[in-house]
Every structure is written in C-alpha cells, then in structure tokens.
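# Descriptive structure summary
Single-letter residue listing:
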Amino acid sequence: QQAEAGQGCRGELASASLAGLCLLIAWVLSLTNPDGSALELTSQALSWVALCIGLFHGGRAALDAVKAGAFDIDVLMVVGAILASYLGAVSEGALLLFLFTLAGALEALALQRTKRAVEALHKLMPTAALRLDPATGTWLPAPPESLAKGDRVRILPGELVPADATIALGSTSLDQATLTGESMPRDAHPGDEVFAGTLNVGNPIEATVTKLASQSSLQKIIDLVTQAQEQREPVQRVIDRLSQPYAIAVFATSITVFFIWWLAFGDAVKDATYTAITLLIVASPCALIISTPTATLAAISRAARGGVLFKGGQAIERLAQLRALAFDKTGTLTVGKPRVVQVHPVGWSDGQQLLAVAAGLEQHSSHPIATAIVAVAKARSVGPAAVDAVAYTAGRGIGGTIDGDEARLGSLAFTQDLIPVCFHARVRELLGTIQGRGQIAVVCAYRQMAAVFVLIDAVRPGAECLVERLHALGVRPVVMLTGDNSATAARVAESLNLDEFHAQLLPQNKVEHVQALKARITSGRRRGVGVIGDGVNDAPALAAADISIAIGSIGSDAALESADAVLLADDLAVVPWAVALARRTRFTVLANLTFALVAIVAMALAVLVGSRMGYQLPLWLGVIGHEGGTLLVVANSLWLLAFPGVPVCSCDQSHRHETAKVMVEGQPIPAGV
C-alpha cells in the first residue's frame, strides 16, 4: 500500500510538472506571436492540455470530496478553473490547477517518507539462530521467531543475540548500543540476561531463551515507536483549517452576488454572471495555497545546503515551536567512537613497546577499545607485536604470550600480577584520576613494565557552542538523556554546560523523561520538546517528541526513519541554525497568508464596488492582480534561499588544540581534559 501511494504521488508530481511545462511554453509563445497565428493557436492548445491535466487530478480529488459530502478547496479550484476557461482565461485556470496539484503532490511525498520507521526497526531483528536439538544433541539453524522459552541457543562471536535469554555457559562481552546507547560493551557472565539484537563481541556462549521473539526487548522498542507515533498530534496547517469554510464562503458569496446583482439591482444576466465569475476568480485561494509549499520548499532546499534535511513542512512547523531540547550522548553529543588520547608509561616502562604489545593483543578483536588501540598504534607507525595463545577473559581483559613472556591488557586487577609492586600505587592513582573524570582507562603490563591507556569519546564539532546558542533562541532546558554511566555523563554535561542530564537510562526511561519534559513546558496546545539521537535506542524517544532530529552520518536506519529532520553533517552547530531557519520560515508563511488574504479582500471589494459604480473590472485585470499577488508570495518565500549560513563555532579549534596536547607520550594529563 505504501508503494502504491508513493507511485501515485510521483505520478501526480510528474503530471503537474508536465502541465507546468505546457504553461511555460504557452506563455512564451503568447508573448512573441500575434493573435490568430499558428503559434498562438499552439499556445492556446498547450493551455488546454495543461488545464485537462489539472482537471484529471484536481477533478478526481474534487469528486472524492463531493462524494464525502465536503465542499473544500479541491472543489473550489476545479469550479474556478472551469469558470475561468468559460470566460476565455484558460491559462489562468490551468495555472490554478497546476499550482494546486504540485503542492499536493510534494506534500504527499514528504509525508510518505515518514511512514517507514517501524520497517527500519524490523530490519534490525535477528534473522538466524543456532538451537540445540535435545533429541540428537546437535546444533541446528532455526529462525528466531521459532524459538520457545527454555530453548538452548549458541551465540558465536560477531553474531546477534537471537532472543532475550540468560547465559548458561561461558562469559563474553556484548555490544548493547542498539538498546542502551552504552558506549562500551557490557561484560556478561553465566546467569546474566542478554537481549535480542545485541552483538556478541567476545567469546562463544550458550544461553537459555527466556522470552519469545514477539516479547523481546527489541520488539518492545518497535512497539514504543508505533505507540508514540499514534499518540502524536500533527500540527494542522493554517490553510487546511481554512479550507472548508473558505471554499464554501467564496462559492456562496459568488452565487449570492449573481442573484443580488440580477434580481435586486436589475443588471443583465450576462453582467451579473460576469461580476460573479470575476469575484470567484479574484477570491480563489491560489496565493493562499502556494504560500505554504513555496516557503516550505525553499526552507527545505536552504536547510539541505546547510546540512539539515527536513521531512516536510510539518517538521519545520514543529521545530519553529521548539522550547526544550533533549540529546542522546553517545553518537550524538559525542562522536560515539572512543579513541586513545594518551599512552602513559609508568616508571622506567617503554611506552612504545607497550603500545606494540597492546596492538598485538587486540589486533584481531572487534571490541571498541581494541579498535582504538590498533588505530593509535597505526597512527604512530608502531607495528603490533607477535602474540601467541591470545585469550579473552570476560570482565577483566585480554592476555597472551610474547617470546615466552606473558602480556596482559585490561583492568588493574587483571594486570597487577605482572606489574612491579613499586608501580601499584602510581597506577591506582592514575586510574583514579582518569576514571574520576569519566574517562576510560585500561592497563597494559609486560616484562615488569606497565602503561595506562587513556581513552575518550570526543564531543562533536559545534557541541561547545550548542547550549549558549540554544539559550539565545529561548530553548531551555537543554537536557542529555543517556544509557551511559553517571561519571561519563556528568563529565560531558559539565564540559558542555548542559542544564541537566540523566544517565543509565533504557529506551523506555528516555521516553518517560521526554514525557515529563513535555509536561513541564507545555501550556495549552503549545508544544515544543525536541529530541536528537542516533541509535535504535533513541527511536522511541524520537517518536515521542514533538520534533525529532537524527544524526544522519552514523545514525541507525530506525532513528533516521523515526525522525522529522536529519543532520546530514557531524557539526552540531547546525541545530540552533536550523531552529532559526524554521522560525524565519514560519514568519514567512504567516506573512504570505496575511498578504494573500488582504489582497483577496481588496480585489473582491474592487470587483463589487466597481460594478455598482458603473465600472466592470476586466477579468484579465483581476487575473493579473490575483496572479501578481501569487508571484509576490512566491518571491517572498524565495528569500529563504538567501538565509545566512551556519556560523562557525569558535570553541572548536581550542578544543582540538587541547585534545592534541594529551597525545604527547609521557606528559602529565592536563587538568582540563
């Protein structure tokens, strides 16, 4: 059904484009050729073709409205176009239908794109499982949806957990970013619960299924997104609210004028008809209809050039009303990938050699810390050491042997047996300082040497100026909602001057905080709580927000499909810029609507008053006035294309400089890092 709807929208858009091309050619021919010439006849024929195309789509919508017992702008546009052609203004009638059809097709396409959130989530569901056959004692492939409670499953390294389960055998490390947003994998041991959709990045394990696939944690996220979308009340466009009463009023007024001018004032039937039709033409809502989509399209185009994708006009309306904003941390406020910022050797230890040892231990691991260590070794041109008998110990670290000597990388408890006793106090001091700042620290030990690796998840460009600029726009509070630990969350919140933060949250907890924030700042029908995130764990909160924004460069499909807007670049400075653009767009739309209404009233009064004073306003003059107003509305909307660019955050360079200082091996850790 969605595919058919999308094809229908694209077909209507193609038809509108063809009608517009016909009108353009007809207009050019009419300017350069006299009446009666062959090219003038061609121009008229093209106008009729454009009118017929518009009547095909507009007439179908008008017929559906009449069948439903409604008299809306669809009906009025068709009646106005037919009456205009009856008076010889074929091109004007065709233009009205062209603009109306084009606006409807573009808006329908924009709305169609927002209906794929649940589909994107379903793509993340596990598709395979290894289940133990009790009868034969063998492991057989099975679809996850066939798993029952009590089934024994085997989960190999690099595989997704097929269902919520409890570990029965083995210890491992699980990447749960899809559920909690936690930047580091969680160590899991026998008896611990594992969740469907999480990734095994450690050892092979066996687990006992505790929930059916339909009841898994990932399925709950899908349900949360669905429910939040159903509860959301879309912002109604001003033109939609005015559609029915406006169309009825214009049509009824035109009929009333005909009878009054004919019966009460004694005008000839032809003159009364002329006045009524002219009134209907000048009062037709062409400018009203085009004022919103032109401003919206201009804003979408300008935003895309600035690194923001708006999913239709309603996203712009919601963002313009933003009053409070909540961010995810990992992958949103921060880059989402930990990196080594310092290798700190202790005592007489050789930092370069220990880096080679660490790279050798981790070179075949998919753990994020392993990736960061291998990357920094490569950047420093340090080759990994040749390691034998590599073994991963869940919750502690990884070990192996190099030239017969044991090497370890992990926690202090795991490595301290290989560290000289005289180094223990210094290593504990370093770890306490680093971890107290919410940073990540691991210890490498080999041949009576030790080094502490310091890792951070750096903030995104533009994040340093984010809160200040949002406050300047009246957006307050600015909140962080994260599944990460409290120490790390506190460090990020303090460094970015966030108004508040909440840590160690599951997806449903994030939704609860969003709902609480909406209750705090909502007054009457006014809403304005936004959420910015990047992962599947953010999808329910994105769907529950009044305006949702996803990080497009690394964001999951679910977050992107759930969001109303997408950041196409990594720079968070575009967020307050996008808010300012949305507010300028809303002002432009309101200005367009006001101008269109004033123009319609002024021209309608000119028609009525002029006819009673003995001057019949020419239809061509009414059409020029009406279409001239439309052109002014379009021109005003196009000013949005000249909206100033994204301002550069001056804090970025100083942040990069400060980060670069900690890369110097062996130097004390700066207090500000």
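### Notes on the pattern of salt bridges
Side-chain pairs of opposite charge can arise whenever the charged atoms involved come near each other. Under the definition given, this model contains 14 salt bridges. Two residues, Asp405 and Arg447, come together in a salt bridge whose shortest N-O distance is 2.6 Å. On the criterion of sequence distance, the pair formed by Asp405 in strand β15 (residues 405-410) and Arg447 in the loop between β16 (440-446) and β17 (449-456) is long-range, its members being 42 residues apart. Classification of Asp405 as partly exposed rests on a relative accessible area of 29%. Residues Asp417 and Arg408 are paired through a salt bridge, measuring 3.9 Å at the closest nitrogen-oxygen approach. Overall, the relative accessible area of 15% leaves Arg408 in the buried class. Taken together, the shared-partner salt bridges connect Arg152, Arg154 and Glu206 into one network.

### What about the sheet that holds strand β6 (residues 186-188)?
Taken together, three strands build an open sheet; the order of strands is β6-β5-β8 and the sheet is antiparallel. One side of each edge strand has no neighbouring strand; the edge strands of this open sheet are β6 and β8 (199-200). Where strand β5 (residues 172-175) meets β8, two bridges bridge the pair, whose relative direction is antiparallel. Bridge pairing in β8 places Asp175 opposite Leu199.

### A few points about the sheet that holds strand β12 (residues 339-345)
Strand order in the open sheet made by the six strands is β12-β17-β16-β15-β14-β13, with antiparallel pairing throughout. Strands with a single pairing partner mark the edges of an open sheet, and in this sheet they are β12 and β13 (388-393). Neighbour-to-neighbour, the strand axes of the sheet open up by a mean angle of 15°, direction not taken into account. Pairing geometry for β15 and β16, over four bridges, is antiparallel. Each residue of the ladder has a partner; that of Gly410, found in β16, is Val443.

### Digging into the pairing of strand β9 (residues 205-209)
Of all the five residues making up β9, four are buried; the element is thus mostly covered by neighbouring parts of the structure. Pairing of strand β3 (residues 152-155) with β9, which is carried by four bridges, proceeds in the antiparallel orientation. Bridge pairing in β9 links Arg152 to Thr208. Across four bridges, the pairing between strand β4 (residues 165-169) and β9 is antiparallel. Note that in β9 the partner of Leu169 across the bridge is Glu206.

Reading guide: rules and limits
Residues numbered from 1 in each chain as written. Predicted model: local features only at pLDDT ≥ 70, side-chain atom pairs only at ≥ 80, totals over all residues. Heavy atoms only, no water. Salt bridge = Lys/Arg side-chain N within 4 Å of Asp/Glu carboxyl O. Helix = DSSP H or I, 4+ residues; strand = E, 2+ residues; numbered from the N terminus. Buried < 20%, exposed > 50% of the residue type's maximum accessible area, 1.4 Å probe, protein only. Pairing = 2+ DSSP bridges. Axes fitted to C-alpha atoms, helices over the stretch in contact; angles between N-to-C directions.

Distances and angles like these do not, on their own, reveal function.
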